[in-house]
Amino acid sequence: GAAALGRLSPRLRSVALDGCVGVTARGCSSLVRGCRQLAEISLAEMLIGDEAVAEIVASCGLTLTFLDLSECPITDLAIAALSGHTALSGHTARIVSRFAPAL
């Protein structure tokens, strides 16, 4: 899974896991810990939360320029982790999030 990809592809620069229901937050965290050069990560429609986002920032924050969290159940804690990272605050970085809780 995602953890194996992290171990086998440490130079990976871009990954799109949009809607992958089999990838857990734990797998996502293992992936980014193994692939610290990721610049583009798309995780739209995945059930990852604040802890996984914090792990992404901690592991890939120096290289990350694009992060798609559309429809992910994140809170202000994830936004705070992202906003505190200088590499993501530059004009070339894009963070995409469109989460609307079900009514």
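The structure displayed is predicted, hence computed values, not measured ones. (Residues numbered from 1 in each chain as written. Predicted model: local features only at pLDDT ≥ 70, side-chain atom pairs only at ≥ 80, totals over all residues. Heavy atoms only, no water.)

This next bit is on the pattern of salt bridges. Considering all chains together, one arrives at one salt bridge under this definition. For R33, the salt bridge is made with E55, and the minimal N-O distance between the two is 3.7 Å. Within this pair, whereas R33 is found in helix α2 (residues 25-34), its partner E55 is found in helix α3 (residues 50-60), the two being separated by 22 residues in sequence. On the basis of relative accessibility, which here comes to 40%, the residue R33 falls in the partly exposed class. In this structure E55 comes out as partly exposed when scored by relative accessible area, which is 21%. (Salt bridge = Lys/Arg side-chain N within 4 Å of Asp/Glu carboxyl O. Helix = DSSP H or I, 4+ residues; strand = E, 2+ residues; numbered from the N terminus. Buried < 20%, exposed > 50% of the residue type's maximum accessible area, 1.4 Å probe, protein only.)

Going through the model one piece at a time under the given rule, you end up with zero disulfides. A disulfide-free cysteine, C28 has its sulfur positioned 8.6 Å from the sulfur of C72, the nearest such atom. Overall, the relative accessible area of 0% leaves C72 in the buried class. (Disulfide = S-S within 2.5 Å.)

Listed as buried for α2 are G27, C28, S29, L31 and V32. Tucked into the core, α2 has its buried residues touching α1 (2-8), β1 (14-16), β2 (40-42) and α3. (Contact = heavy atoms within 4.5 Å.)

Within the element layout of this structure, S59 appears in helix α3. The class for S59 is buried, based on a relative accessible area of 7%. Those residues in contact with S59, other than ones at most four positions away along the chain, are V32, R33 and R36.

Moving on to the confidence of the model for the chain. Per-chain confidence: the chain averages 82 in pLDDT, with 82% of residues scoring 70 or above. Between the elements of the chain, mean pLDDT differs from a low of 60, seen in strand β4 (residues 94-96), to a high of 95, seen in β1. (pLDDT = per-residue confidence, 0-100.)

Here we come to the packing of α2 against α3. A pair of packed helices is captured by two measures, namely the crossing angle of their axes and the spacing between those axes. Running from N to C, α2 and α3 cross one another at 5°; their axes reach a closest spacing of 9 Å. Classified by the angle their axes make, α2 and α3 are roughly parallel. Contacts between α2 and α3 involve A25, C28, S29, V32 and R33 from the first element and A52, E55, I56, S59 and C60 from the second. (Axes fitted to C-alpha atoms, helices over the stretch in contact; angles between N-to-C directions. Parallel < 35°, antiparallel > 145°, perpendicular 65-115°, else oblique.)

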